[in-house]
Amino acid sequence: DPAAIELARDGAAQGMVLLKNTPGQAMLPLNAATVGNVAVIGPHVRDWYGRDMGYYYFGAHGCMPVCGTNATNQGPYYTIADAFKAHTKNVVKVGGVDNCSTHDESGIPAAVAAASTADTVVLAVGTDLTIASEGTDATNLTLSPAQQTLISKVILAAKGKVLVLLTTAVPL
């Protein structure tokens, strides 16, 4: 339904905050002609991220009749990588860390390798419904140590621009 898609895009646009976009060095908007190879890295590249969003937009909190999904609440859920694939064919996605609260850093070397060859890196980090949700308060206002390590190592390894996309339901 085109109206539902436009409603979802409008809601996403209203929820975005651009903290810094220095003139002459501006990162956004990305130019599809020059963005090159894109590596989307972080726990929010996972497909379950869309299911988390579906919990709010399609599930129990219910805009299913407006937004349009199937009765089993299975999507469609589009990932951050999917958004880039609409504009460039050279997109890889690497988690680096399995989820937003993990302490496991074993996937970081793969993320560093992807960042070192990409022209543009998108770090998709933040929180998910395991950290804060309806009836569950966050216990702190920081990213997990594994995400902090991921960010530091990817930024050091990146050969091109790095865009940090922080998606969270708590004030970080």
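Residues numbered from 1 in each chain as written. Predicted model: local features only at pLDDT ≥ 70, side-chain atom pairs only at ≥ 80, totals over all residues. Heavy atoms only, no water.

Undergrad: Even after reading the chapter, I still don't get the overall build of the protein, so can you show me in this structure?
TA: Counting secondary structure elements, the protein contains six helices and four strands. Within the span of the protein, comprising 172 residues, buried residues form 34% of the whole. Taking all contacts inside the protein whose residues are at least 6 apart in sequence as the whole, residues at least 24 apart take part in 79%. Of the roughly 10,100 Å² that the protein leaves accessible, carbon and sulfur atoms contribute 58%. (Helix = DSSP H or I, 4+ residues; strand = E, 2+ residues; numbered from the N terminus. Buried < 20%, exposed > 50% of the residue type's maximum accessible area, 1.4 Å probe, protein only. Contact = heavy atoms within 4.5 Å. Areas by Shrake-Rupley, 256 points an atom, 1.4 Å probe, with all protein chains shown as cover.)

Undergrad: Which parts of the structure should I look at to understand helix H6 (residues 145–157)?
TA: Given 3.6 residues per turn, any residue in an α-helix points the same way as the ones three and four places further on. A rise of 1.5 Å per residue sets the reference length of H6, with its 13 residues, at 18 Å; its end C-alpha atoms lie 18 Å apart and thus fit the reference within 8%. Among the residues of H6, Ala146, Gln147, Leu150, Ile151 and Val154 are the ones counted as buried. Down the axis of H6, the sector holding all buried residues measures 135 degrees, keeping them to one side. Against strand E1 (38–41), helix H5 (108–117) and strand E3 (120–126) lie the buried residues of H6. (Expected span 1.5 Å × (residues − 1). Arc of directions from axis to C-beta.)

Undergrad: What should I look at first to understand the packing of H5 against H6 in this one?
TA: Packed helix pairs are characterised by how far apart their axes lie and by the angle those axes make with each other. Packing of H5 against H6 brings their axes to within 8 Å, and their N-to-C directions diverge by 30 degrees. In terms of their interaxial angle, H5 and H6 are classed as roughly parallel. The way H5 lies across H6 gives a crossing that is right-handed. Within the contact between the two elements, H5 uses Ile108, Ala111, Val112, Ala115 and Ser116 and H6 uses Ala146, Thr149, Leu150, Lys153, Val154 and Ala157. When its residues are assigned to classes, the contact of H5 with H6 shows eight nonpolar, two polar and one charged. (Axes fitted to C-alpha atoms, helices over the stretch in contact; angles between N-to-C directions. Parallel < 35°, antiparallel > 145°, perpendicular 65-115°, else oblique. Left-handed = near helix turned anticlockwise from the far one by under 90°. Nonpolar A, V, L, I, M, F, W, Y, C, P; charged D, E, K, R; others polar.)

Undergrad: So what exactly am I meant to see when it comes to the sheet that holds E3 here?
TA: An order of E2-E1-E3-E4 is seen for the four strands of this open sheet, with the pairing classed as parallel. Two strands close off the open sheet at either side, each with one partner strand: strand E2 (91–94) and strand E4 (161–167). The average undirected angle you get between the axes of adjacent strands in this sheet is 20 degrees. Summarising the sheet, E1 and E2 pair through four bridges and their orientation is parallel. Among the inter-strand pairings, Val38 is bridged to a residue of E2, identified as Val91. (Pairing = 2+ DSSP bridges.)

Undergrad: Whenever I open this one, the pattern of salt bridges confuses me. Can you help?
TA: A side chain of one charge can pair with a side chain of the opposite charge when the charged atoms of the two come close. Overall, the coordinates contain one salt bridge when judged by the stated rule. Close ionic contact of Lys159 with Asp119 constitutes a salt bridge, the shortest N to O distance being 3.6 Å. Highlighted residues: Lys159 in the loop between H6 and E4 and Asp119 in the loop between H5 and E3, separated in sequence by 40 residues. By relative accessible area, Lys159 is classed as exposed at 55%. (Salt bridge = Lys/Arg side-chain N within 4 Å of Asp/Glu carboxyl O.)

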